[in-house]
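Survey of secondary and tertiary structure
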Amino acid sequence: MANHKLAKAIADMSFFEFRRQLTYKCQLYGSKLVVVDRWFPSSKTCSNCGTKKETLTLNERVFECGHCGFSLDRDLNAAINLSLYVSGS
């Protein structure tokens with residue numbers, strides 16, 4: 001929650017209300033809302049080979065796969081995994 005104005009707005013309403021409004025707006029505009037399980041290991045899974053790391057600390061900003069040697073920004077790796085999850089569901 002680096003954006004302080006957004007963080008305050010989200011904190012003022014609950015996450016339930018935030019999700020309810022997202023659901024409503026997605027229905028209104030014909031968008032698709034995909035809710036991923038909070039324990040889905042998007043950051044720990046290699047988007048290249050699918051191998052899951054056992055541990056990944058928050059200060060590790062670059063994902064490096066010990067299996068295939070793939071290296072990528074941690075957030076981009078997670079975004080690719082989430083995209084693959086959505087297209088596979």
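Just above sits the structure.
Residues numbered from 1 in each chain as written. Predicted model: local features only at pLDDT ≥ 70, side-chain atom pairs only at ≥ 80, totals over all residues. Heavy atoms only, no water.

**A word on the overall build of the chain**
Keep this limit in mind: Numbering of helices and strands runs from the N terminus; a helix is a DSSP stretch of H or I covering at least four residues, while a strand is a stretch of E covering at least two. Exposure classes here rest on a 1.4 Å probe applied to the protein chains alone. A residue is buried below 20% of its type maximum, exposed above 50%, and partly exposed in between. We call two residues contacting when some pair of their heavy atoms lies within 4.5 Å. Here the open area of atoms and residues is found with the Shrake-Rupley method and a 1.4 Å probe, where only the protein chains shown may cover a residue.
Secondary structure summary: the chain contains three helices and two strands in total. Expressed as a percentage of the 89 residues in the chain, the buried residues total 18%. Contacts in the chain between residues far apart in sequence, at least 24 positions, make up 29% of those at least 6 positions apart. Counting every atom, the chain has about 6,900 Å² of accessible surface; 58% of that belongs to carbon and sulfur.

**Thoughts on the pattern of salt bridges**
Convention followed: By convention in these notes, a salt bridge is any Lys or Arg side-chain nitrogen within 4 Å of a carboxyl oxygen on Asp or Glu.
Under the counting rule described, the total for this entry stands at three salt bridges. For the salt bridge of Arg61 with Asp75, the shortest nitrogen-to-oxygen distance reads 2.9 Å. Linking Arg61 in the loop between α2 (15-29) and β1 (62-64) with Asp75 in helix α3 (residues 74-88), this pair joins segments that are 14 residues apart in sequence. The partly exposed category is assigned to Asp75, whose relative accessible area is 44%.

**Let's talk about the packing of aromatic side chains**
Definition in use: Note on aromatic pairs: the rings of Phe, Tyr and Trp (six-membered ring only in Trp) are paired at centre separations within 6.5 Å, and the planes decide the class, stacked below 30 degrees, edge-to-face beyond 60, tilted for the rest. Charge-over-ring contacts are defined here by two conditions on Lys NZ or Arg CZ: a distance within 6 Å of the ring centre and an angle within 35 degrees of the ring normal.
According to the stated counting rule, one finds one aromatic pair in the structure shown. With a centroid separation of 4.9 Å and an interplanar angle of 50°, the aromatic rings of Phe40 and Tyr85 are classed as tilted. Residue Phe40 is located in the loop between α2 and β1, and its partner Tyr85 is located in helix α3; the two are separated by 45 residues in the primary sequence. Owing to a relative accessible area of 27%, Phe40 belongs among the partly exposed residues under this scheme. Lying over the aromatic face of Phe63, Lys53 brings its terminal NZ or CZ to 5.4 Å of the ring centre.

**A look at α2**
Applied cut-off: Residue count minus one, scaled by 1.5 Å, sets the expected span of a helix.
With 15 residues, α2 extends 21 Å from end C-alpha to end C-alpha; this agrees with the ideal 21 Å at 1.5 Å per step. Positive phi appears at Gly30, one or two residues downstream of α2, with a value of about 75°.

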